[in-house]
Amino acid sequence: MNPPDPLELPGRPQIENTTPSRHLSHSAEGRTFHVVIVGGGITGLATAYYLQQYAPPYVTYSVLESDGRWGGKIVTENIHGFTIEGGPDSFLTQKPAALNLCRELGLEDRLLGTNEAQRKVYVLLNGRLRPLPDGVMLVIPTRFTPFVTSSLISWPGKLRMALDLVIPRRRQDGDESLASFIRRRLGQEALDKIAEPLMAGIHVSDAERQSLAATFPRFMELERVHRSLIKGMLVQKRQMARRTGPSLPLFMTLRDGLGELVSALCARLRGDMHLNSSVVHLELADGNRATSWRGRTDGYWVRLQNGQTLHADAVVLTVPAYVAATLITPLHATLAHRLRSIRYVSTATLSLGYRRSELDHPLDGFGFVVPRREPSHLMACTWTSTKFLYRAPADHVLLRVFLGGPHREDTVALDDERILNLVREELQCIMGIDAEPVLARLHRWQNANPQYDVGHLERVAEIEKLAEELPGLYLTGSAFRGVGIPDCIAQGKNVAQAVLSMAMKHVVH
Ligand SMILES: Cc1cc2nc3c(=O)[nH]c(=O)nc-3n(C[C@H](O)[C@H](O)[C@H](O)COP(=O)(O)OP(=O)(O)OC[C@H]3O[C@@H](n4cnc5c(N)ncnc54)[C@H](O)[C@@H]3O)c2cc1C
């Protein structure tokens, strides 16, 4: 079941049919500037929203989405009182773009924080759940007693973590893998039991390949400024405690799920919005290869799978990098090749609803993560109805299991029945759950998680440089400068500003 589509309103302009034609709209000077945004996920919708907010009337836009619904990875289903997120379930509040957008859209009253009274995360260790000690911030211990008394890390492991206090800074500059960084500062055990399942898990990445600079630059900064991560984190904790004003939960969502954000955005957008509109390739409208802004083209022809064509003065591609590569191969083979070097992995989420009375487990936390060394098919399990209110009807609970990822990708290809059975078997062993779920919803995400491998930022800088050779073409979204919803929204806003400044020059010229 897909979220409602608030955009399929009667009377919206339709795409021109097979004969290429210019999009008609008029500026005061008689000149228009039409932007085609490819992809209706959060990046594409945010781009459209900010373009509409900032742009003068002569700038018009279309959003083309191949699927039959808006939102891309954001899929919320409200079924029989359960609120099920097939993709993301919340956004980080430390990066303000998502929070600000919710506020701008009038969703302030709908914001819902995590249930802080139950903030506890477990780690699966030899088949048993052990709590992450209180005060561990991602992987850095900041409270003495819970850390030393924790059964998660061995004594030699704890002593090795404490060596962070004396280990010198790294001499070389530049990127390194998350695994190498954590091993160097806090030791192998902290990597295996905490950093790999939690920090690599957030990015669905292989810690040995995951770029620290692209995914946790704050950790590099902590080492650069304070040398010791523990000392640095304690300083930051004290600074935060001194701040006045209400503190927000680290993660927030909306009362009825993140689909509310998609619906609210779509309800605001007044451009041409087209579902079931898959773009197959782009062509330069003047038929020549442009090499600079001065040698600019007449824009692009955007060809759709259904044979239709749209003219664009600027094109914003928010699709996965490998899709963008296919669309632009005829225009710039080198750029396409670089785009293909961004790897993707597949994941799946399985949401399971139960009657509360049929579960003995207290569900006293946000859930558990699974280190790769554990012989398990699961990556993590969120105890959704504990983490957030309003996620299950009265007397019921909702769990969500993550499958796939870099070390367990084969699981995603199994058939539904097999996935359900193996998850139930594992939940029986780990949490003692024998009950029959009253609801099960599986969402597969094939080649959906971009991998920020070591050197990612340099790769992206090179891609952006090459893209300058195609004036009016913008590449943005989760493949490039952040996978989280706030990063995607911020990228959409930035690209809207860049397009706008191009539009201004275009009309002036
Ligand atoms: C299971 C899962 C859990 C996640 N959890 C979180 C979380 O809790 N918090 C968080 O902040 N982030 C989370 N993320 C990451 C976040 O959801 C994504 O990075 C973000 O939603 C990506 O948005 P996007 O618009 O860049 O891409 P997408 O959402 O992928 O949108 C791209 C759109 O382009 C469309 N498209 C593709 N090809 C074409 C074509 N040829 N023509 C036209 N349209 C096309 C697609 O159908 C899609 O709608 C999660 C991701 C997954 C998969």
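Residues numbered from 1 in each chain as written. Predicted model: local features only at pLDDT ≥ 70, side-chain atom pairs only at ≥ 80, totals over all residues.

Trainee: When you look at the sheet that holds strand β18 (residues 367–369) in this model, what are you seeing that I'm missing?
Mentor: Hydrogen bonds between backbone atoms are what pair the strands of a sheet, whose relative direction is either parallel or antiparallel. Here we have seven strands laid out as an open sheet, ordered β8-β7-β18-β19-β20-β17-β21, and mixed in their pairing. In this open sheet, the two edge strands, each paired with only one partner strand, are β8 (128–131) and β21 (439–450). Each adjacent strand pair in this sheet contributes to an overall mean axis angle of 25 degrees, direction not counted. Where strand β7 (residues 121–125) meets β18, three bridges bridge the pair, whose relative direction is parallel. Its bridge partner being in β18, V121 is matched across the sheet by G367. The strands touched by helix α6 (residues 188–202) are β7, β18 and β19 (378–382); relative to β7, the strand with the most contacts, the crossing angle is about 120 degrees. (Pairing = 2+ DSSP bridges. Helix = DSSP H or I, 4+ residues; strand = E, 2+ residues; numbered from the N terminus. Axes fitted to C-alpha atoms, helices over the stretch in contact; angles between N-to-C directions. Contact = placed C-beta atoms within 7 Å.)

Trainee: Help me understand the packing of helix α8 (residues 217–226) against helix α9 (residues 229–242), please; the structure alone is not making it clear to me.
Mentor: How two helices pack is summed up by the angle between their axes together with the distance between the axes. Viewed as axis vectors pointing N to C, α8 and α9 meet at an angle of 100 degrees, and their least axial separation amounts to 8 Å. On the basis of their axis angle, the class for α8 and α9 is roughly perpendicular. Contact residues: α8 offers F219, L222, E223, V225 and H226, while α9 offers L229, K231, G232, M233 and V235. Here the residues of the contact of α8 with α9 sort into six nonpolar, two polar and two charged. (Parallel < 35°, antiparallel > 145°, perpendicular 65-115°, else oblique. Nonpolar A, V, L, I, M, F, W, Y, C, P; charged D, E, K, R; others polar.)

Trainee: Any chance you could explain the site of the ligand here in plain terms?
Mentor: Near the ligand, the surroundings consist of 35 residues, among which G39, G41, G72, P88 and G477 are the closest. Listing elements by their share of the shell around the ligand, those giving two or more residues are α1 (42–54), β17 (344–355), β21 and α16 (485–508). The residue inventory of the shell around the ligand, partitioned by class, reads 14 nonpolar, 17 polar and four charged. The residues that make up the shell around the ligand include at least three from each of domain 1 (33–72 + 265–342 + 453–508) and domain 3 (344–450). (Near = placed C-beta within 6 Å. Domains from an automatic or database assignment.)

Trainee: Please clarify how the domain arrangement of the chain should be interpreted in this entry.
Mentor: How large an interface is tends to be reported as the accessible area lost when its parts come together. Considered domain by domain, the chain is made up of domain 1 (33–72 + 265–342 + 453–508), domain 2 (134–242) and domain 3 (344–450). On a C-alpha basis, the centroid separation for the pair domain 2 and domain 3 is 27 Å. Across the contact, nine residues belong to domain 2 and 12 residues belong to domain 3. A per-class count over the side of domain 2 that touches domain 3 returns three nonpolar, two polar and four charged.

Trainee: Can you walk me through the environment of L457 in this structure?
Mentor: Counting through the fold element by element, L457 comes out in helix α15 (residues 456–467). For the pair L457 and F480, spaced 23 residues apart in the sequence, the C-alpha separation amounts to 8.1 Å. Setting aside residues no more than four positions away along its own chain, L457 makes contact with A213 and A214.

Trainee: Would you mind going over the sheet that holds strand β6 (residues 111–113) with me for this structure?
Mentor: Taken in spatial order, the three strands make up an open sheet running β5-β11-β6, and their pairing is antiparallel. Since the sheet does not close on itself, it has two edges, and those belong to β5 (91–92) and β6, each with one partner. Relative to strand β11 (residues 251–254), β6 is paired through three bridges, and the arrangement is antiparallel. Paired with L112 across the bridge in β11 is T253.

Trainee: What is the right way to read unusual backbone geometry from this model?
Mentor: As a rule of thumb, non-glycine residues mostly have phi less than zero, and peptide bonds are mostly trans rather than cis. Phi is positive for H80, close to 45 degrees, though the residue is something other than glycine. Relative to the helices and strands, H80 resides in the loop between β3 (76–79) and β4 (82–85). You can call H80 exposed: it has 10 C-beta atoms within 10 Å. (Buried ≥ 20, exposed ≤ 12 C-beta atoms within 10 Å, placed from the backbone.)

Trainee: What is the right way to look at the pairing of strand β15 (residues 309–312) in this model?
Mentor: For a regular strand, side chains alternate in direction, first toward one face of the sheet and then toward the other. Side chains L310 and A312 project from β15 onto a buried face, and the interleaved T309 and H311 project onto a face without burial. Summarising the sheet, strand β14 (residues 300–304) and β15 pair through four bridges and their orientation is antiparallel. Along β15, the bridge assignment pairs V302 with L310. Between β14 and β15, which pair antiparallel and follow one another directly, the connecting turn spans four residues, one of which, G307, has a positive phi of 90 degrees.

Trainee: How should the nonpolar core be read in this particular structure?
Mentor: What tends to happen in soluble globular proteins is that the nonpolar side chains get buried as a cluster. Grouped together as the largest cluster of nonpolar side chains are 69 residues, with contacts concentrated most on V35, V315, V316 and V499. Ranked by residue count, the leading element in this core is α16, at nine residues. Apart from the residues lying within four places of it in its own chain, the contact partners of V315 are V36, V38, L282, Y300, V302, G472 and L473. If you look at the next biggest cluster of nonpolar residues, it comprises 58 residues, including V136, A207, I230 and L378. (Core = buried A, V, L, I, M, F, W, Y, C linked by C-beta atoms within 7 Å.)

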